[in-house]
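# An overview of the molecular structure
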Amino acid sequence: MYIVHVASECAPVAKVGGLADVIFGLSWEHSIRGNDVEIIIPKYDCMRYDQIWGLTLSFNDLWVPWFGGAIHCSVWFGFVHGRKCFFIEPHSNDNYFNRNTFYGCNDDVMRYAFFCKAALEFLQKSGKQPDIIHCHDWQTGLLPVMLAEIYQHHGMWRQRVCYTIHNFKHQGIFGHDILAATGLGRPDYYFSPTQLRDDCNASVLNCMKGGIVYSNFVTTVSPKHAWEARYTGQGHGLGGTLHTHQGKFGGVLNGVDYNTWNPEIDSYLVARYGIDNIDEKYKNKDALRDRFWLYKSNKPIISYIGRLDEQKGLGLICHAAHYALSRGAQFVLLGSPSNNATFNQFAHLRNQLGQSVDCHIELGFNEELSHLIYSGSDMVVVPSAFEPCGLTQLIALRYGTVPIVRSVGGLADTVFDKDYAHIDMSARNGFTFNDLNNSGLESAMNRAIGLYYDYPEEFRRLMINGMHADYSWNHPGTHYMNIYDLIRHK
């Protein structure tokens, strides 16, 4: 099968969040199964060009219709760790992707509307005929709209679109100007409530809604989050549209790249380990303590690793640090604040707890250090307000680090409570809580710390259960192939 992913990110060349990891992991999983897989992203000036091999000009004379004229583009080709990637570079005074940033510009919707148009022009003009175009998030929501309304009348009638929503919070709101720019026109038509009109504001249009309405199948990144998007506020206003299109909507859990996240082969670790030599894990625990000048004892290390923003439950993360120390545990945080207010909040926490020999707060992100923390921790806490899929808990399970999570989204689909889960004991792998408050978090942390101290063999069994689980891209890869087959034959 010939599959083309169109996205705004791809790890490690253009990475802001988990979207980039999905493009990287899923494309590889499908390519090693014998499919022809390509990726199309913008050619940002701030990409990691050192991660691209053989970057060459592939298509030098691409003219993309735009506002009644046309913008000249070059399309580059290169390999990103074996993945075949095309990079679209527009040449115009707008400098859409030469801004030393990926997102955050006032004209982001215009920038990515152009990218969608350019990607379709490139596929058409180069004679490519993919079976599946897999689009991701609001940035590519207009691609299936333009494919159906314009490009199917110019030879691209057999392509089928799978559209994956990674984050419902950002949907790409726009007005008449995008319709004029892209050549879609007909505002009366697109402002219909069954088309692109935003479900909450009748005066604007919605890129993500366009992706839902016009795609052949729509997914989000876990089954639980698919339910939450339809029936709770986590659809951010799109629950009604998802209900209308429920017959083509579902959740597929993301995977983890076990070539990167695997304690048996991880080059960042002091000692590599697996289920058969799990005691080697504790050499990494010692190394983590040495790195952060933590007191060496029999205490468990509880960690938080990841972005620091409202989604992640900032207040609960701070409370987890205080509660861990009060219950005789150590606490380590590696977090990248999303704004100045969050930085100040956690700088204050660092000042409060920084003198403790049982705590270390590291603000920023360090790839090498994250591997050491995953391997050296006994538990990891993920108290998210919402979590479409979550990567932290999946990595932690692989490293024998017991997750303590709020049971939402992908966390609910992957972490099964040691005491209360309605599944066999051999599949239970962590501790969960439901309520977004301190008492909920404390109940789960208290049980986890108590098990660690009082029943160490049962705690080890939880560690091993987590390491046995397969959260690689194997199962998601199969689910997506089944979706592709379904929509190809409709």
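Look up a bit, the structure's there.
These notes cover the structure that comes with them. (Residues numbered from 1 in each chain as written. Predicted model: local features only at pLDDT ≥ 70, side-chain atom pairs only at ≥ 80, totals over all residues. Heavy atoms only, no water.)

### Things to note about empty space enclosed by the protein
Condition: A cavity, in this analysis, means grid points on a 1 Å lattice covering only the protein atoms where a 1.4 Å probe fits yet has no way out; a pocket is instead an open set bounded by protein on both sides within 12 Å along at least five of seven lines, and a residue lines either one if it has an atom within 4 Å of a point. Grid points are joined across faces, edges and corners, and a volume is the space filled by probe spheres set on the points. Throughout, the ten residues Ala, Val, Leu, Ile, Met, Phe, Trp, Tyr, Cys and Pro are labelled nonpolar, Asp, Glu, Lys and Arg are labelled charged, and all others, Gly among them, are labelled polar.
Counted according to the given criterion, the structure contains one cavity of 30 Å³ or more. Computed from the structure, the largest cavity encloses a volume of approximately 30 Å³. Around the largest cavity sit Asn 167, Phe 168, Lys 169, His 225, Gln 234, His 236, Phe 386 and Pro 388, which together line it. The class makeup of the residues in the lining of the largest cavity is three nonpolar, four polar and one charged.

### Topic: the layout of surface pockets
For the second largest pocket, the calculated volume is near 190 Å³. Surrounding the second largest pocket, Ser 407, Ala 412, Val 415, Phe 416, Asp 417, Tyr 420, Ala 421, Thr 432, Asn 434 and Arg 447 form its lining. Here the lining of the second largest pocket is composed, by residue class, of five nonpolar, three polar and two charged.

### Let's talk about helix H12 (residues 367–376)
To keep it simple, the criterion reads: To sort residues, take the accessible area from a 1.4 Å probe on protein chains only and compare it with the maximum for the residue type: under 20% means buried, over 50% means exposed, and anything in between is partly exposed. Numbering of helices and strands runs from the N terminus; a helix is a DSSP stretch of H or I covering at least four residues, while a strand is a stretch of E covering at least two. Working rule for contacts: check all heavy atoms of both residues, and any pair within 4.5 Å makes them a contact. Distance and chemistry together define a polar contact, namely a pair of N or O atoms within 3.5 Å, with one atom able to donate a hydrogen and the other to accept it when in protein, and with adjacent residues in sequence counting only for side-chain atoms on both sides.
For H12, the buried fraction is high: eight of the ten residues fall into the buried class. Summarising the contacts, the buried residues of H12 are in contact with helix H9 (281–292), strand E12 (301–308), strand E13 (330–337), strand E14 (359–363) and helix H13 (392–398). For H12, the N-terminal capping position is held by Asn 366, with its side-chain oxygen 3.0 Å away from the main-chain nitrogen of Glu 368.

### A closer look at the environment of Leu 397
Looking at the secondary structure, you find Leu 397 in helix H13. In sequence terms Leu 397 and Tyr 471 are 74 residues apart; their C-alpha atoms lie 9.0 Å from each other. Beyond its immediate chain neighbours, meaning those up to four positions away, Leu 397 contacts Pro 403, Thr 414, Asn 429, Gly 466, Met 467 and Tyr 471.

### Focus: the packing of aromatic side chains
Here is the rule: Pairing of aromatic side chains requires ring centres within 6.5 Å, counting the rings of Phe and Tyr and the six-membered ring of Trp. Pairs whose planes differ by under 30 degrees are stacked, by over 60 edge-to-face, and all others tilted. In this scheme, the term charge over a ring applies when either NZ of a lysine or CZ of an arginine sits within 6 Å of the ring centre and within 35 degrees of the ring normal.
Using the criterion set out here, one finds 22 aromatic pairs in the structure. Seen in terms of ring centroids, Tyr 374 and Tyr 399 are 6.2 Å apart; in terms of plane orientation they differ by 35°. Their pairing is tilted. Here Tyr 399 lies in the loop between H13 and strand E16 (402–406) and Tyr 374 lies in helix H12, a separation of 25 residues in the sequence. One exposure class covers both Tyr 374 and Tyr 399, and it is buried. Above the ring of Trp 76, the side-chain terminus of Lys 43 is found at 5.2 Å from the ring centroid.

### Re the packing of H9 against H12
Spelled out, the test is: Throughout, an axis means a line fitted to C-alpha atoms (over the contacting stretch in the case of helices), and angles, computed between N-to-C directions, take values from 0 to 180 degrees. For classification purposes, an angle smaller than 35 degrees is called roughly parallel, one larger than 145 roughly antiparallel, one from 65 to 115 roughly perpendicular, and anything else oblique. What makes a crossing left-handed is the near helix being turned counterclockwise from the far one by less than a right angle; a clockwise turn instead makes it right-handed.
In the contact formed by H9 and H12, the axes pass within 8 Å of each other and the chain directions differ by 125°. Between H9 and H12, the angle falls in the class oblique. Crossing of H9 over H12 shows left-handed handedness. Contacts from Lys 281, Asn 284, Lys 285, Ala 287, Leu 288, Arg 291 and Phe 292 in H9 reach Leu 369, Leu 372, Ile 373, Tyr 374, Ser 375 and Gly 376 in H12. Along the lines of polarity and charge, the residues of the contact of H9 with H12 split into seven nonpolar, three polar and three charged.

### What to know about the pairing of strand E15 (residues 379–382)
Under the convention used in this document: Strand pairing is assigned whenever DSSP identifies at least 2 bridges connecting the two strands. With strands facing away from the observer, any crossover in which the path from the first strand over the helix to the second runs clockwise is taken as right-handed.
Side chains Met 379 and Val 381 project from E15 onto one buried face, and the interleaved Val 380 and Val 382 project onto a second face that is buried too. Relative to E15, E12 is paired through two bridges, and the arrangement is parallel. Among the inter-strand pairings, Ser 303 is bridged to a residue of E15, identified as Val 380. Relative to E16, E15 runs parallel, the two being bridged by four bridges. Paired with Val 381 across the strands is Ile 404, a residue of E16. What joins E15 to E16 is H13, and the crossover it makes is right-handed.

### Looking at the packing of helix H1 (residues 18–31) against helix H17 (residues 474–488)
To describe two helices that pack against each other, one gives the angle between their axes and the distance between the axes. As a packed pair, H1 and H17 sit with axes 9 Å apart at the nearest point and diverge in direction by 75°. With respect to their mutual orientation, H1 and H17 come out roughly perpendicular. Taking contact as the criterion, the partners of Leu 26, Glu 29 and His 30 in H1 are, on H17, Asn 474, Gly 477, Tyr 480, Met 481 and Tyr 484. Looking at the contact of H1 with H17 residue by residue, the classes come out as four nonpolar, three polar and one charged.

### A word on the sheet that holds strand E10 (residues 217–220)
What the nine strands build is an open sheet, ordered E3-E4-E5-E2-E1-E6-E7-E10-E11; its pairing is mixed. This sheet does not close on itself; its edge strands, each paired only once, are strand E3 (53–66) and strand E11 (249–251). Ignoring strand direction, the axes of neighbouring strands in this sheet form an average angle of 25°. Sheet topology places E3 next to strand E4 (residues 69–80); nine bridges connect them, and they run antiparallel. Along E4, the bridge assignment pairs Leu 57 with Trp 76. Along the sheet, helix H7 (residues 223–231) makes contact with E10 and E11, crossing E11 at roughly 135°.

### Quick word on unusual backbone geometry
Between Ala 11 and the following residue, Pro 12, the backbone shows a cis peptide bond with an omega angle of -5°. Despite not being glycine, Arg 186 shows a phi value in the positive range, around 40°. Among the secondary structure elements, Arg 186 is positioned in the loop between helix H4 (176–182) and helix H5 (187–190). At Trp 293, a residue that is not glycine, the phi angle is positive and equals roughly 60°. For Trp 293, the location among the structural elements is in the loop between H9 and E12.

Read these as geometric descriptors, not functional statements.
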